[in-house]
2 protein chains.
Amino acid sequence: MSQTPTTLTAERILEATEEVLRRHGPAKATVVDVARALGVSHGSVYRHFRTKAALREAVTKRWLDRTTGVLAAIVAAPDLDPETRVREWLAALFAAKRRKAFDDPELFATYSVLTTETVETVVGEHIAELTGQLTEIVRAGADSGAFTAENPATTALALFRATDRFHDPHYAGEWEQPGVEAEFEAVLDLLMRGLRARG
Amino acid sequence: MSQTPTTLTAERILEATEEVLRRHGPAKATVVDVARALGVSHGSVYRHFRTKAALREAVTKRWLDRTTGVLAAIVAAPDLDPETRVREWLAALFAAKRRKAFDDPELFATYSVLTTETVETVVGEHIAELTGQLTEIVRAGADSGAFTAENPATTALALFRATDRFHDPHYAGEWEQPGVEAEFEAVLDLLMRGLRARG
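Residues numbered from 1 in each chain as written. Chains lettered and ligands numbered in written order. Predicted model: local features only at pLDDT ≥ 70, side-chain atom pairs only at ≥ 80, totals over all residues. Heavy atoms only, no water.

**Details of the overall build of chain A**
Looking only at helices and strands, chain A features nine helices and zero strands. Counting from the amino terminus, helix and strand elements in chain A follow one another as α-α-α-α-α-α-α-α-α. In terms of overall dimensions, chain A has C-alpha extents of about 70 × 35 × 25 Å along its principal axes. As presented, chain A carries roughly 9,400 Å² of accessible surface, and 53% of it is formed by carbon and sulfur atoms. Computing the positive centroid from 24 side-chain charges and the negative centroid from 29, chain A places the two 6 Å apart. (Helix = DSSP H or I, 4+ residues; strand = E, 2+ residues; numbered from the N terminus. Areas by Shrake-Rupley, 256 points an atom, 1.4 Å probe, with all protein chains shown as cover. Lys, Arg positive; Asp, Glu negative; His and termini not counted. Charge placed at Lys NZ, Arg CZ, Asp CG, Glu CD.)

**Some details on the pattern of salt bridges**
Residue and element names in this part refer to chain A. Across all of its chains, the model carries 34 salt bridges over all chains by this definition. Note that arginine 22 is salt-bridged to aspartate 104, the shortest N-O span being 2.6 Å. Note that arginine 22 is positioned in helix α1 (residues 10–24) and aspartate 104 in the loop between α5 (82–103) and α6 (105–117), a separation of 82 residues in sequence. Judged by its relative accessible area of 26%, arginine 22 falls in the partly exposed class. Each of Glu11, Glu18, Glu19, Arg22, Arg23, Arg62, Arg66 and Asp104 takes part in a single network of salt bridges with overlapping partners. (Salt bridge = Lys/Arg side-chain N within 4 Å of Asp/Glu carboxyl O. Buried < 20%, exposed > 50% of the residue type's maximum accessible area, 1.4 Å probe, protein only.)

**A few points about the interface of chain B and chain A**
At the interface, 24 residues of chain B touch 24 residues of chain A. Carbon and sulfur atoms make up 59% of the surface buried where chain B meets chain A, a total of about 2,100 Å² over both sides. For the chain B face of the interface with chain A, the top three residues by lost area are Arg161, Leu190 and Arg193 of chain B, together amounting to 29%. Applying the counting criterion to the chain B and chain A interface returns four salt bridges. (Contact = heavy atoms within 4.5 Å. Buried area = accessible area lost by both parts, 1.4 Å probe.)

**Side note on the packing of helix α9 (residues 180–196) of chain A against helix α8 (residues 152–162) of chain B**
In contact at an axis separation of 9 Å, α9 of chain A and α8 of chain B are set at 85° when each is read in the N-to-C sense. It follows from the interaxial angle that α9 of chain A and α8 of chain B lie roughly perpendicular. Touching Glu183, Ala186, Val187 and Leu190 of chain A of α9 of chain A are Thr154, Thr155, Leu157, Ala158, Leu159, Arg161 and Ala162 of chain B, all from α8 of chain B. A per-class count over the contact of α9 of chain A with α8 of chain B returns seven nonpolar, two polar and two charged. (Axes fitted to C-alpha atoms, helices over the stretch in contact; angles between N-to-C directions. Parallel < 35°, antiparallel > 145°, perpendicular 65-115°, else oblique. Nonpolar A, V, L, I, M, F, W, Y, C, P; charged D, E, K, R; others polar.)

**Things to note about the packing of helix α4 (residues 52–76) of chain B against helix α5 (residues 82–103) of chain B**
Residue and element names in this part refer to chain B. Interaxial distance between α4 and α5 falls to 9 Å at its minimum, and their mutual angle equals 155°. By the criterion of interaxial angle, the relationship of α4 to α5 is roughly antiparallel. Note on packing geometry: the crossing formed by α4 with α5 is right-handed. Contact residues: Trp63, Leu64, Thr67, Leu71, Ile74 and Val75 in α4; Arg85, Glu88, Trp89, Ala92, Leu93, Ala96 and Lys100 in α5. The class makeup of the residues in the contact of α4 with α5 is nine nonpolar, one polar and three charged. (Left-handed = near helix turned anticlockwise from the far one by under 90°.)

**Quick notes on the UniProt feature "DNA-binding region" (unreviewed entry) in chain A**
Those places that UniProt annotates as "DNA-binding region" (unreviewed entry) correspond, in this numbering, to residues 30–49 of chain A. End C-alpha atoms of residues 30–49 of chain A are separated by 10 Å, and the span's content is 65% helix alongside 0% strand. (UniProt positions renumbered as here; feature names shortened; annotations may be inferred.)

**Re the relation of the copies chain B and chain A**
The pair of chain copies shares a relation made of a rotation about an axis and a shift along it. Taken as rigid bodies, chain B and chain A are interconverted by a rotation of 180° and an axial shift of 0.0 Å, the fit giving an RMSD of 0.0 Å. On the angle and the small slide along the axis, the relation comes out as a two-fold axis. In this assembly, 100% of the residues forming the interface of chain B have copies in chain A that are likewise at the interface, indicating an isologous arrangement. (Least-squares fit on C-alpha atoms with pLDDT ≥ 70 in both.)

**Considering the side chain of arginine 62 of chain A**
Residues and elements named next belong to chain A. Inspection of the secondary structure puts arginine 62 in helix α4 (residues 52–76). For arginine 62, the side chain forms a polar contact with the side chain of glutamate 11, separated by 3.0 Å. Here the side chain of arginine 62 touches glutamate 18 through a polar contact of 3.3 Å, side chain to side chain. Residues contacting arginine 62, with those up to four places away along its chain left out, are Glu11, Leu14, Glu15 and Glu18. (Polar contact = N/O pair within 3.5 Å; in protein donor to acceptor, adjacent residues only side chain to side chain.)

Next up, the structure:
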């Protein structure tokens with residue numbers, strides 16, 4: 001039935017889904033739309049994704065995971081001191097979100113809808129993964145004596161919340177305003193002083 | 001023409017406008033709707049507010065000013081040390097927004113629409129007024145040696161941005177989640193350590 005039955009991988013379906021979303025917005029990207037874009041039967045797609053919800057969840061997760069991958073490299077960077085690592089991690093998160101918002105605005109808008117409406121679990125896991133990375137950095141800083149953080153996970157979540165303006169898609173409209181970089185730096189400076197503080 | 005021409009004050013018109021907004025949402029609250037609710041001619045209302053935009057701006061400003069008034073009392077409180085004053089000010093801001101969101105959800109939703117769509121200047125002035133209050137507190141703390149803040153206005157804006165999650169109406173849905181109080185405290189603790197830090 002399908003034209004390319006042997007090469008239809010989940011990854012190829014997700015690439016096609018992203019293209020459908022980019023062109024037609026979040027109302028599209030049903031299993032049938034994606035099958036049509038790939039020139040395969042919808043049965044072939046259903047073998048990988050049984051529902052529209054499963055397909056949307058998977059494509060959203062893939063999109064969010066791209067950011068997580070970039071940031072993981074900073075967590076693992078061996079030659080950075082803890083404060084530089086926190087700063088670079090938060091700056092890389094802001095930069096990644098900004099790039100998504102401005103380089104590919106249709107897809108960003110589409111994912112903003114998907115993440116608020118349909119896939120709360122995926123977003124929850126993404127945030128847990130991000131704050132988990134940040135917890136690792138904070139814990140390493142506390143262990144080395146560079147940071148004061150009784151509970152690294154609590155402190156990491158506080159850092160994440162305190163910088164919402166610089167990564168939550170809700171604020172994308174502010175990210176090109178003059179002064180946003182200076183505001184980000186001022187927030188970071190205050191937070192870093194808090195992290196370094198004794199007692 | 002109007003039933004009570006001598007007592008029709010701007011304040012009475014704004015009270016009626018708020019009631020119209022509460023009952024019928026932001027699509028209503030034209031000058032004509034409000035005149036009808038007051039049982040007066042629209043000409044009487046036009047003498048105070050020449051356009052629908054002017055009326056909406058005034059009613060939004062009045063709503064926002066109620067919060068500013070509560071917070072001003074904390075800025076002026078003579079017997080609080082600087083750190084307690086910052087904490088109480090931020091906690092009072094969060095409490096005021098939460099109260100608005102939960103005690104009067106229709107009106108809160110309506111104002112959330114008005115503030116994002118129609119009255120950017122009013123919101124800008126409101127935020128400038130709030131960060132101005134916070135700047136006063138930070139400056140007093142820096143002057144007394146309790147805080148490190150080279151530029152109190154920059155630090156105050158950083159405090160305001162770092163606590164967006166706890167006063168921006170966008171996050172109202174999170175304000176009844178379990179753990180939100182603990183997150184707020186963790187963010188405050190980190191920020192206060194940053195404020196107190198030397199160098």
